[in-house]
Amino acid sequence: MDLKEMSNGVAGGVQDAYGEDRATEDQYVTPWTVSVSSGYTLLRDPRHNKGLAFAEKERDAHYLRGLLPPAVLTQELQEKKLMHNLRQYKVPLQRYMAVMELQERNERLFYKLLIDNVEELLPVVYTPTVGEACQKYGSIFRRPQGLFISLKEKGKILEVLRNWPEKSIQVIVVTDGERILGLGDLGCQGMGIPVGKLSLYTALGGLRPSACLPITIDVGTNNEQLLNDEFYIGLRQKRATGQEYAELLEEFMSAVKQNYGEKVLIQFEDFANHNAFELLEKYSKTHLVFNDDIQGTASVVLAGLIAALKLVDGKLADHTFLFLGAGEAGTGIAELIALQMSKQTQAPLEETRKKIWLVDSKGLIVSSRKESLQHFKKPWAHEHEPIKTLLDAVKAIKPTVLIGSSGVGKTFTKEVVEAMTSFNEKPLILALSNPTSQSECTAEEAYTWSEGRAIFASGSPFDPVEYDGKVFLPGQANNAYIFPGFGLGLIMSGAIRVHDDMLLAASEALAAQVTQENFDKGLIYPPFSNIRKISANIAAKVAAKAYELGLASHLPQPQNLVKYAESCMYSPLYRTYR
Ligand SMILES: NC(=O)C1=CN([C@@H]2O[C@H](COP(=O)(O)OP(=O)(O)OC[C@H]3O[C@@H](n4cnc5c(N)ncnc54)[C@H](OP(=O)(O)O)[C@@H]3O)[C@@H](O)[C@H]2O)C=CC1
Ligand SMILES: CC(=O)C(=O)O
Ligand SMILES: [Mg+2]
């Protein structure tokens, strides 16, 4: 038999014993797959796979007989088994890999697990474990998730977007990996963050998984360790900057709009501040963009403050705020607090900003430093003598609220917390930096050093703390409370732009969900176990604001926006196949 006969019609091809390879290595082939999933392909399709939950009839109808062992398990039983297995892993990264493997194998079961066990699994798929996963991303991933758009794709970004199998995208979370949590530049390995954030969009906010697209833009990395790592998965070059960077981002933003229309939400995540503010400012005029680190964080912290006013005396404007860290999170939060105060008191923003002080790596931001400050710090350069350390700033400013957003761990020392406690009956202390290793202090430190008087919340979760016979529940001040519901509100109203008033509406909606029972435990955030209900309420308020501002395009406005939000939410329950 000559080669041509063996090739089954593929000229010059081969036929191996299994009939798999129809072409020799030097020939071109077309990758193809069947479009209706059945049999083995169905079991390998994470969107439709149900594992042992396929019913007898489905096993017959979809050529699954023999491909599965005889037992038929319910989704609940599968969930029980998986949670049992997960709890056997003592190393957080192993849990992360196990849940990610589930996401790649059986999407609905993954989301059911995440929704039903949100408080237990949030630290696995999100901070702190996702930070470690990004650091080790190159070595732990077998199958890449999301789209990687590097400088190599310049001029072809639209084609790259078209390679993504889903066409009806509603939310994109995009990073360039330069400021991953408080871990710095992780280059292309930052992909874990958009993937994690989008899994929360689905689990906490109810967006369909197929409508979510994680993207990492790879313009190189300045992380020497990664550049020297032979297994590094990204571009092996220093970061592109200036015009080269701006042009790639411009092409990306245009291609997104061209491919998905103008109502796709683009969430910027973990960009370094020298790009983040500029990108937000530039594209908020032409696209539906949201910067989670600047805006989402601001909204979640403001919500915590509004709620905390039930535990401490006074109105927002009666308080004095001091930040450690004057970057995206710090100045973003400061600006939203000032805006809320201004709306409440009718005082101009320039006045309300004076209640807020920020410390950066060079000390307190004061007017004598104004000339040399980055533009986003300038509004916070108040009249004061220069102060170098946080402790001295705390003693001089005497804040009622201390917020950590520097990305540097252990900076709220015993002296700092004691100083806060010396002039506040109930000092409000928020250690926002992520992951846990970068937290400004631990929950235990905050409660112990303040002799049980601090109202404390942190970016990454801490376990309950027992102090002086009383159990304290630390809350989690994390933008994960906001962005899923916020995004749902934008999408369901067909919003075309994000407006600051929507952030304020989201804060108030979140604060309104804190119950007396939560307050009694010292919490200023509701538990994550209610997050879908919380997200529906946030979405409703955000959508209502979009309608009020004339920014909504989904008309007419649904009558009951909370019910409508709930009806839009993805359910992870298995469907029955005909
Ligand atoms: N809980 C949450 O929901 C969120 C938490 N975060 C966390 O906040 C942290 C900061 O993020 P982001 O604002 O985007 O980062 P940025 O890089 O934009 O800002 C960091 C700021 O901290 C300052 N800083 C750095 N080191 C010190 C130091 N030793 N002493 C005083 N100030 C210092 C920097 O000063 P300088 O300007 O002088 O360099 C800068 O002003 C990260 O850990 C991130 O994970 C962020 C978003 C949401
Ligand atoms: C939570 C978050 O967005 C961050 O730490 O960057
Ligand atoms: Mg972030």
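Here is what the cut-offs are and how they apply
Residues numbered from 1 in each chain as written. Chains lettered and ligands numbered in written order. Predicted model: local features only at pLDDT ≥ 70, side-chain atom pairs only at ≥ 80, totals over all residues. Heavy atoms only, no water. Near = heavy atom within 4 Å. Polar contact = N/O pair within 3.5 Å; in protein donor to acceptor, adjacent residues only side chain to side chain. Areas by Shrake-Rupley, 256 points an atom, 1.4 Å probe, with all protein chains shown as cover. Helix = DSSP H or I, 4+ residues; strand = E, 2+ residues; numbered from the N terminus. Nonpolar A, V, L, I, M, F, W, Y, C, P; charged D, E, K, R; others polar. Buried < 20%, exposed > 50% of the residue type's maximum accessible area, 1.4 Å probe, protein only. Contact = heavy atoms within 4.5 Å. Donors = N, O, S within 2.8 Å, 3.2 Å for Na, K, Ca; no water. UniProt positions renumbered as here; feature names shortened; annotations may be inferred. pLDDT = per-residue confidence, 0-100. Pairing = 2+ DSSP bridges. Axes fitted to C-alpha atoms, helices over the stretch in contact; angles between N-to-C directions.

Trainee: What is the right way to read the site of ligand 1 from this model?
Mentor: If you check the shell around ligand 1, you find 27 residues, and the closest are Arg 179, Asn 273, Ala 326, Ser 361 and Lys 377. Glu 328 places a polar main-chain atom, nitrogen or oxygen, 3.0 Å from an oxygen atom of ligand 1. Between a nitrogen atom of ligand 1 and a main-chain N or O atom of Leu 432, the distance comes to 3.1 Å. In isolation ligand 1 has 920 Å² of accessible area, and contact with the protein removes 83% of it. At the level of secondary structure, the elements contributing two or more residues to the shell around ligand 1 comprise α15 (292-308) and α16 (328-345). Looking at the shell around ligand 1, its residues break down into seven nonpolar, 15 polar and five charged.

Trainee: What exactly am I supposed to notice about unusual backbone geometry here?
Mentor: Glycine aside, a negative phi is what most residues show, and trans is what most peptide bonds show. Of note, the amide linkage connecting Thr 127 to Pro 128 takes the cis form, showing an omega dihedral of 10°. When you line up the elements, Pro 128 lands in the loop between α7 (118-125) and α8 (129-135). At Lys 398, a position not held by glycine, the phi torsion is positive, near 50°. Summarising the element assignment, Lys 398 is placed in the loop between α18 (390-397) and β9 (401-404). Exposure remark for Lys 398: the relative accessible area of 46% places this residue in the partly exposed category. The backbone of Glu 451 sits at a positive phi, close to 50°, despite the residue not being glycine. For Glu 451, the location among the structural elements is in the loop between α20 (443-449) and β11 (455-458).

Trainee: Mind showing me how you'd approach the side chain of Asp 360 here?
Mentor: Inspection of the secondary structure puts Asp 360 in strand β7 (residues 356-360). In terms of polar contacts, Asp 360 uses its side chain to reach the side chain of Arg 369, at 2.7 Å. Here Asp 360 is in contact with Ala 326, Ile 365, Arg 369, Leu 373 and Lys 377, once residues within four sequence places are set aside.

Trainee: Would you mind going over the coordination of the magnesium ion (ligand 3) with me for this structure?
Mentor: Octahedral six-donor coordination of a metal ideally yields angles of 90 or 180 degrees, compared with 109.5 degrees for tetrahedral four-donor coordination. Protein-derived ligands of the magnesium ion (ligand 3) are Glu 269 (OE), Asp 270 (OD) and Asp 293 (OD), with the metal-ligand distances lying across 2.1 Å. The exposure class of Glu 269 is buried, given its relative accessible area of 1%. Judged by its relative accessible area of 2%, Asp 270 falls in the buried class.

Trainee: Would you mind showing me how to read the UniProt feature "domain: Malic enzyme NAD-binding" (unreviewed entry) in the protein here?
Mentor: According to UniProt, the positions carrying the feature "domain: Malic enzyme NAD-binding" (unreviewed entry) are residues 294-547. Regarding residues 294-547, the helix share stands at 42% and the strand share at 12%, and the terminal C-alpha atoms are separated by 24 Å.

Trainee: Sorry, what's going on with the site of ligand 2 here?
Mentor: Contacts to ligand 2 come from Tyr 126, Arg 179, Leu 181, Lys 197, Glu 269, Asp 270, Asp 292, Asp 293, Asn 434, Asn 478 and Asn 479. A distance of 3.0 Å separates an oxygen atom of ligand 2 from a polar atom in the side chain of Glu 269. A total of 220 Å² of accessible area belongs to ligand 2 in isolation, and the protein chains cover 91% of it. Grouping the amino acids of the shell around ligand 2 by side-chain chemistry returns two nonpolar, three polar and six charged.

Trainee: Any chance you could explain the confidence of the model for the protein here in plain terms?
Mentor: Segments scoring low in pLDDT should not have their predicted coordinates read at a detailed level. Across the protein, the average pLDDT comes to 94, with 95% of residues at or above 70. Note that pLDDT drops below 50 for residues 1-11; the model gives that stretch twelve contacts with residues more than four away or on any other chain.

Trainee: Explain the sheet that holds strand β10 (residues 428-431) here, please?
Mentor: In a beta sheet, neighbouring strands pair by backbone hydrogen bonds and run either parallel or antiparallel. If you trace the seven strands from one edge of the open sheet to the other, you get β8-β7-β6-β9-β10-β11-β14, paired in mixed fashion. Where the open sheet ends on each side, the last strands, each with one partner, are β8 (363-364) and β14 (475-476). Note that β9 and β10 share four bridges and pair parallel. Opposite Val 401, over in β10, you have Leu 428 as the bridge partner. Seen against the sheet, α18 touches β6 (321-324), β7, β8 and β9 and runs at an angle of roughly 175° to β6.

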